[in-house]
Amino acid sequence: MGANVKRYIVLIGPPGAGKGTQAKMLEQSLGLPQVSTGDLFRYNLKHSTELGQLARSYMDKGELVPDGVTIAMVRERLSQPDAAHGAILDGFPRTIAQADALADLLAELGGRITCVPHIIVEREELVRRLLNRAQIEGRVDDSEDTIRTRMRVYEEQTKPLLDYYDQRGLVAEVNGQQSVEAVQHDLQTVITGQRASVR
Ligand code: AMP
């Protein structure tokens, strides 16, 4: 790969898999910023921007914000100077339409996806983690009903991305049911290409 090719890591995993925690840790070692669409939407919610108002109703229900709005937000974020060498994408893309839009955007920016780690965690463990997070962080979308919707949305809309990226030879499986440090270690292993998958 040429030195000027921007590189993008796409983290895929269900809600509660630990994508955010792991992405933040990867920022240091990879020297790339974490770009979390969930965090961007929450920032807009907090500051009551127009985008935040629009996103609210979807987020409260655990549904996806429409693709057009989400893609425009990511396009803007990936054009910022700190993403000049690429980014760690956390929570985007979540639909095939978003993945297609990302491919177009990266072609424009002169970058490519180098790895799509799939963080695997059993459903029971996910629900346990999300309910726990609801108590600690007080995220409104961590209620039991919303958790169920988010799981369903993940199964129906986001899981197909695994096939999409697998066809492109990019998916690497990582066992997310280990200590935070062990998951981080395994992620670094697959991202640097030392092993295809660590389960
Ligand atoms: P997260 O923090 O990634 O779980 O995202 C929280 C909520 O933000 C999701 O339940 C969606 O309502 C919204 N959201 C985050 N990322 C996306 C995305 N890529 N496409 C659509 N909606 C998203």
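This is a predicted model, so every value here is computed, not measured.

Asks: Is there a simple way to think about the pattern of salt bridges in this case?
Replies: When their charged atoms lie close together, side chains carrying opposite charge are able to pair. Counted under the stated rule, the structure contains 11 salt bridges. Across the pair Glu125 and Arg128 runs a salt bridge, and its minimum N-O distance is 3.0 Å. Here the residue Glu125 and the residue Arg128 both occupy positions in helix 6 (residues 123–137), the gap between them amounting to 3 residues, near one helical turn. Put simply, Lys159 and Glu155 hold a salt bridge, and the shortest N to O gap is 3.7 Å. Residues joined in a network through salt bridges with shared partners are Arg133, Asp141, Asp142 and Arg150.

Asks: Looking at this structure, how should I read the site of the ligand?
Replies: Around the ligand sit 16 residues in total, of which Thr37, Arg42, Glu63, Gly91 and Gln98 are the nearest. At a separation of 2.6 Å, an oxygen atom of the ligand approaches a polar backbone atom of Glu63. One of the backbone nitrogen or oxygen atoms of Val65 is found 3.0 Å away from a nitrogen atom of the ligand. Burial of the ligand by the surrounding chains reaches 96%, relative to a free accessible area of 480 Å². Per-element tally for the shell around the ligand: the top contributor is helix 2 (residues 37–46), with 4 residues. Taken together, the residues that form the shell around the ligand break down as 5 nonpolar, 5 polar and 6 charged.

Asks: Just checking my understanding: could you explain the sheet that holds strand 3 (residues 86–90) for this structure?
Replies: Adjacent strands of a sheet form backbone hydrogen bonds with each other and so pair up, either parallel or antiparallel. As summarised here, the arrangement of the 5 strands in space is 2-3-1-4-5, forming an open sheet in which the pairing is parallel. The sheet is open, and its two edges are formed by strand 2 (34–36) and strand 5 (171–175), each paired on a single side. For this sheet, the mean angle separating the axes of adjacent strands, direction not counted, is 25 degrees. Strand contacts of helix 2: strand 2 and strand 3, with the helix running at about 65 degrees to strand 2, the strand carrying the most contacts.

Asks: Help me understand the side chain of Thr37, please; the structure alone is not making it clear to me.
Replies: Mapped onto the elements of the fold, Thr37 is located in helix 2. On the basis of relative accessibility, which here comes to 3%, the residue Thr37 falls in the buried class. Within polar-contact distance, the side chain of Thr37 engages the backbone oxygen of Gly91 at 2.9 Å. Ignoring sequence-local partners within four residues, the contact set of Thr37 consists of Thr70, Met73, Val74, Asp90, Gly91, Phe92 and Arg94.

Asks: I tried to follow unusual backbone geometry on my own but got confused; where do I start?
Replies: The phi torsion of most residues other than glycine is negative, and most of the peptide bonds are trans. In this model, Phe92 is joined to Pro93 through a cis peptide bond whose omega is -5 degrees. By the element assignment, Pro93 lies in the loop between strand 3 and helix 5 (96–109). Backbone geometry places Ser48, a non-glycine residue, at a positive phi of 50 degrees. The topology assignment puts Ser48 in the loop between helix 2 and helix 3 (50–61).

Asks: Help me out: how do you make sense of the pairing of strand 4 (residues 111–120) in this one?
Replies: Each regular strand shows side chains that alternate between the opposite faces of the sheet. Of all 10 residues that make up strand 4, 7 are buried, and the element is covered over most of its length. With 4 bridges connecting them, strand 1 (residues 6–11) and strand 4 associate as parallel partners. The residue of strand 4 that forms the bridge with Lys6 is Gly111. Pairing between strand 4 and strand 5: 5 bridges, direction parallel. Within strand 5, the residue paired with Val116 across the bridge is Val171.

Asks: What should I look at first to understand the packing of aromatic side chains in this one?
Replies: Remark: the centre distance and the inter-plane angle together describe each pair of aromatic rings, the angle taken between the planes. Enumeration according to the criterion identifies 1 aromatic pair in this entry. When the ring of Tyr164 is compared with that of Tyr165, the centres are 4.9 Å apart and the planes differ by 85 degrees; the resulting orientation is edge-to-face. According to the relative accessible area criterion, Tyr164 is buried, its value standing at 10%. Under the relative-accessibility criterion, Tyr165 is labelled buried at 2%. A cation over an aromatic ring shows up here: Arg168 above the ring of Tyr164, its NZ or CZ 3.8 Å from the ring centre.

Reading the values: the criteria
Residues numbered from 1 in each chain as written. Predicted model: local features only at pLDDT ≥ 70, side-chain atom pairs only at ≥ 80, totals over all residues. Heavy atoms only, no water. Salt bridge = Lys/Arg side-chain N within 4 Å of Asp/Glu carboxyl O. Helix = DSSP H or I, 4+ residues; strand = E, 2+ residues; numbered from the N terminus. Near = heavy atom within 4 Å. Polar contact = N/O pair within 3.5 Å; in protein donor to acceptor, adjacent residues only side chain to side chain. Areas by Shrake-Rupley, 256 points an atom, 1.4 Å probe, with all protein chains shown as cover. Nonpolar A, V, L, I, M, F, W, Y, C, P; charged D, E, K, R; others polar. Pairing = 2+ DSSP bridges. Axes fitted to C-alpha atoms, helices over the stretch in contact; angles between N-to-C directions. Contact = heavy atoms within 4.5 Å. Buried < 20%, exposed > 50% of the residue type's maximum accessible area, 1.4 Å probe, protein only. Phe/Tyr/Trp six-rings, centres within 6.5 Å; stacked < 30°, edge-to-face > 60°. Lys NZ or Arg CZ within 6 Å of the ring centre and 35° of its normal.

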